[in-house]
Amino acid sequence: MIKVALLEYEKESMEVVFSLAKVFDTLDWTFRVFTKASELAKRMKVEDYQIFVFDEVFKTPRLESVFVHDHPSALFIYLCKNVLAVKGNDQRNRVLYIDKAKIRQQIENERELLLSQYHQSEFYELNYDGIHVRLLYQDIYYLDKMEKMIYFHTRKGEFHERANMADLEERLADFGFLRVHVSYLVNAKYIVGWFKDEVELSNGDKVPLSRAQKKKILAKQRSKKTI
């Protein structure tokens, strides 16, 4: 089950809940609405949330530190009257900025990302040096290929197994992983910066970004934007 926390006003909260209900149609999910950041912070001591929806007034350095920085695996959505003004040059993939006038349409546009967030609490299983290992998808930063071995870079350290990158690309697509290079698969929500020939991840690592893959990814992102 995925849990959603809304720190918003009544009208927008109803729009968001209606929209998420369509995205998570056949899945188990629940939500709780808060009107004060202090109430949410208190509740988080006893309950974990995987998605946060905030009004733009709550986008302050202090609250970013308390919520976004301290919950690196969560997905955050800011509802804004002027998306460009609030977003600025923020390139984090796990932080979305949605126009208050287009909530239903833009949440639907992010269906793929929201569903991948739902599935990130599942496990990838592999055998590493004769030991069976279960890795939460949300704990995997990226994979890279060296000869016939695939290396998993995770919160728990580095693991490897013999596997085919093309097969893994197909298998991990529903969990939010992007093929940014012939030899690299990245958990997209951990991308914090896009550059000419590399992407930067929230753990500080930078991985190669091929021109062909960058073009394909950007084209897909543009196709989701609503004019």
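Residues numbered from 1 in each chain as written. Predicted model: local features only at pLDDT ≥ 70, side-chain atom pairs only at ≥ 80, totals over all residues. Heavy atoms only, no water.

K.L.:
Is there a simple way to think about the packing of helix α1 (residues 10-23) against helix α6 (residues 111-119) in this case?
P.N.:
When two helices pack together, their arrangement is given by the angle between their axes and by how far apart the axes lie. Packing of α1 against α6 brings their axes to within 10 Å, and their N-to-C directions diverge by 75°. The angle between the axes of α1 and α6 places the two elements in the roughly perpendicular class. Contacts between α1 and α6 involve Leu20, Lys22 and Val23 from the former and Arg111, Leu114 and Leu115 from the latter. For the contact of α1 with α6, the class distribution of residues is 4 nonpolar, no polar and 2 charged. (Axes fitted to C-alpha atoms, helices over the stretch in contact; angles between N-to-C directions. Helix = DSSP H or I, 4+ residues; strand = E, 2+ residues; numbered from the N terminus. Parallel < 35°, antiparallel > 145°, perpendicular 65-115°, else oblique. Contact = heavy atoms within 4.5 Å. Nonpolar A, V, L, I, M, F, W, Y, C, P; charged D, E, K, R; others polar.)

K.L.:
Looking at this structure, I do not really get the confidence of the model for the protein chain. What am I missing?
P.N.:
If pLDDT is low for a region, its predicted coordinates should not be looked at in detail. Looking at the protein chain as a whole, its pLDDT mean stands at 94, while 98% of the residues score no less than 70. Looking over the protein chain, one finds the lowest element-wise mean pLDDT in helix α8 (residues 211-224), namely 80, and the highest in strand β4 (residues 75-80), namely 98. (pLDDT = per-residue confidence, 0-100.)

K.L.:
In this structure, what is going on with the pairing of strand β7 (residues 131-136)? I would like to understand it.
P.N.:
Along a regular strand, successive side chains alternate from one face of the sheet to the other. Note: strand β6 (residues 123-128) against β7, 6 bridges, orientation antiparallel. Bridge pairing links Tyr128 to Ile131 in β7. The antiparallel pairing of β6 with β7 creates a hairpin that spans 2 residues between the two strands, and Asp129 there sits at a positive phi of about 50°. (Pairing = 2+ DSSP bridges.)

K.L.:
Looking at this structure, how should I read the sheet that holds strand β8 (residues 140-146)?
P.N.:
Taking strand neighbours across the sheet as the criterion, the 5 strands line up as β10-β9-β8-β12-β11 in an open arrangement whose pairing is antiparallel. The open sheet has two edge strands with one neighbour each: β10 (157-162) and β11 (177-181). Neighbour-to-neighbour, the strand axes of the sheet open up by a mean angle of 20°, direction not taken into account. Examined bridge by bridge, β11 and strand β12 (residues 184-187) share 4 bridges and lie antiparallel to one another. The partner of Phe177 across the bridge, within β12, is Asn187. Contacts from helix α7 (residues 165-172) reach β8, β9 (149-154), β11 and β12, with the element oriented near 160° to β8.

K.L.:
Is there a simple way to explain α6 in this structure?
P.N.:
Side chains of residues three or four places apart in an α-helix project in the same direction, reflecting 3.6 residues per turn. Inspection of α6 places Leu113, Leu114, Ser116, Gln117 and Tyr118 among the buried residues, and these make up the whole buried set. The secondary structure elements touched by the buried residues of α6 are β1 (2-7), α1, β3 (51-55), β4, β5 (95-99) and α5 (103-109). (Buried < 20%, exposed > 50% of the residue type's maximum accessible area, 1.4 Å probe, protein only.)

K.L.:
Which parts of the structure should I look at to understand the sheet that holds strand β13 (residues 191-194)?
P.N.:
Hydrogen bonds between backbone groups are what pair the strands of a sheet, and the pairing can be parallel or antiparallel. Here we have 3 strands laid out as an open sheet, ordered β13-β14-β15, and antiparallel in their pairing. The strands lining the two open edges of the sheet, one partner per strand, are β13 and β15 (206-208). Across the sheet, the mean angle separating the axes of adjacent strands is 30° when strand polarity is ignored.

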